[in-house]
Amino acid sequence: MAYDKFTVLTSTAVPLPIENVDTDQIIPARFLKATERKGFGDNLFRDWRYNNDDTPKQDFVLNNPIYSGKILVGGKNFGSGSSREHAAWAIYDYGFRCVISSFFADIFKGNSLNIGLLPVTVSEAFADKIFRAIEADPNAQIEVNLAEQTVTILATGEKESFDINGYKKHNMMNGFDDIDYLQSMKQEINTFADKSLY
C-alpha cells in the first residue's frame, strides 16, 4: 500500500509533553477489532480526548483549537508498551505525518516507518526548545527535511539533525512500503532472473 511521499514537511505542531505515552493510550485495545487501516484516527487518544459520555475533554490538547498541524511533538519514550501497529495507524489516520520525540520505543518506531509516519528523534534539549516555541506561539512553524535529515524551528533558525535508516528513508521519500519497493525493482529482478543459471 503506497503512502504519501515525504520530502519536506513545514507545519505547525501539536505539543504533547507527556513522557511514557504507551500504545494503549494512543489507541485503546477495545478499538483494535478492525483489520483495515482506516478509521483509527477517530479513536486516537480516545480516553484522553473524550469523557465517558463521548463529550470532548476540553483540557486535552487535540480538543484545543489553537493547536493544529501535521506534526505531533511527544515526550520521552513515546510509543512504549504493546507492539500494536494500530497505534501508528491511528496517528497517521488522524492526519499527522511526523512525530518528534527525544526517544521512541523501537517497535513503534519501526511500525511508523512502515506506514509512512516519520518518527524523528531529537535531543531532549532540542525537544524542549520545540515545546517552548509552540508555547510562545501556537502558530510556530517547524520544518522537517527528510532529504537533509534536519528539524528546524523556523522562527529562530535553530536546527538539529536526526538519523534514519537509508532504506526506510528511500521508501518514505518515494511513498513506498516494502511491497512497493520490490515492485519498483521489477525490471531489475526480471533481468537478474533472466541471467540466472537456473
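Residues numbered from 1 in each chain as written. Predicted model: local features only at pLDDT ≥ 70, side-chain atom pairs only at ≥ 80, totals over all residues. Heavy atoms only, no water.

By the naming in an unreviewed UniProt entry, the protein is 3-isopropylmalate dehydratase small subunit, taken from Niabella drilacis. Entered under Sequence similarities (unreviewed entry) in the UniProt record, the comment concerning the protein runs "Belongs to the LeuD family. LeuD type 1 subfamily." According to the UniProt record, the Subunit (unreviewed entry) comment for the protein is "Heterodimer of LeuC and LeuD." (UniProt positions renumbered as here; feature names shortened; annotations may be inferred.)

Asks: Please give an account of the nonpolar core that cites residues and values.
Replies: For soluble globular proteins, the rule of thumb is that nonpolar side chains tend to be buried together. Ranked by size, the top nonpolar core spans 27 residues in total, and within it I26, F45, F78, I91 and F108 carry the most contacts. The biggest single contributor to this core is helix α3 (residues 86–94), with 6 residues. If we skip the residues at most four places from it in the chain, F78 touches L16, V21, I26, F45, L72, I91, V99, S101, F103, F104, A105 and F108. In terms of nonpolar packing, the next biggest core, distinct from the first, is built from 25 residues, C98, L113, V120 and V122 among them. (Core = buried A, V, L, I, M, F, W, Y, C linked by side-chain atoms within 4.5 Å. Buried < 20%, exposed > 50% of the residue type's maximum accessible area, 1.4 Å probe, protein only. Helix = DSSP H or I, 4+ residues; strand = E, 2+ residues; numbered from the N terminus. Contact = heavy atoms within 4.5 Å.)

Asks: Describe the sheet that holds strand β2 (residues 13–16), and please don't skip the residues or the numbers.
Replies: The sheet built from 4 strands is open, its strands ordered β2-β3-β4-β5 with parallel pairing. Only two strands of the sheet have a single partner each, and these edge strands are β2 and β5 (118–121). Averaged over neighbouring strand pairs, the angle between their axes works out to 20° when direction is ignored. Inspection of the sheet shows strand β4 (residues 98–101) paired to β5 by 4 bridges, in the parallel sense. Looking at the pairing, V99 lines up with P119 of β5. (Pairing = 2+ DSSP bridges. Axes fitted to C-alpha atoms, helices over the stretch in contact; angles between N-to-C directions.)

Asks: Before we move on, can you summarise the side chain of R84 with the specific residues and values?
Replies: Inspection of the secondary structure puts R84 in the loop between β3 (71–74) and α3. Since its relative accessible area comes to 16%, R84 is described here as buried. Polar contacts involving the side chain of R84 include one to the main-chain carbonyl oxygen of I27, which spans 2.8 Å. (Polar contact = N/O pair within 3.5 Å; in protein donor to acceptor, adjacent residues only side chain to side chain.)

Asks: Before we move on, could you go through the packing of aromatic side chains and cite the residues and values that matter?
Replies: Applying the stated criterion across every chain, the model contains 8 aromatic pairs. Residues Y94 and F96 carry aromatic rings whose centres are separated by 5.3 Å and whose planes lie at 25° to one another, so their mutual orientation is stacked. Judged by its relative accessible area of 32%, Y94 is partly exposed. On the basis of relative accessible area, F96 is assigned to the buried category, the value being 1%. These aromatic residues form a ring-pair network of at least three members: F45, W48 and F60. Positioned over the ring face of Y50 is R46, at 4.4 Å from the centre of the ring. (Phe/Tyr/Trp six-rings, centres within 6.5 Å; stacked < 30°, edge-to-face > 60°. Lys NZ or Arg CZ within 6 Å of the ring centre and 35° of its normal.)

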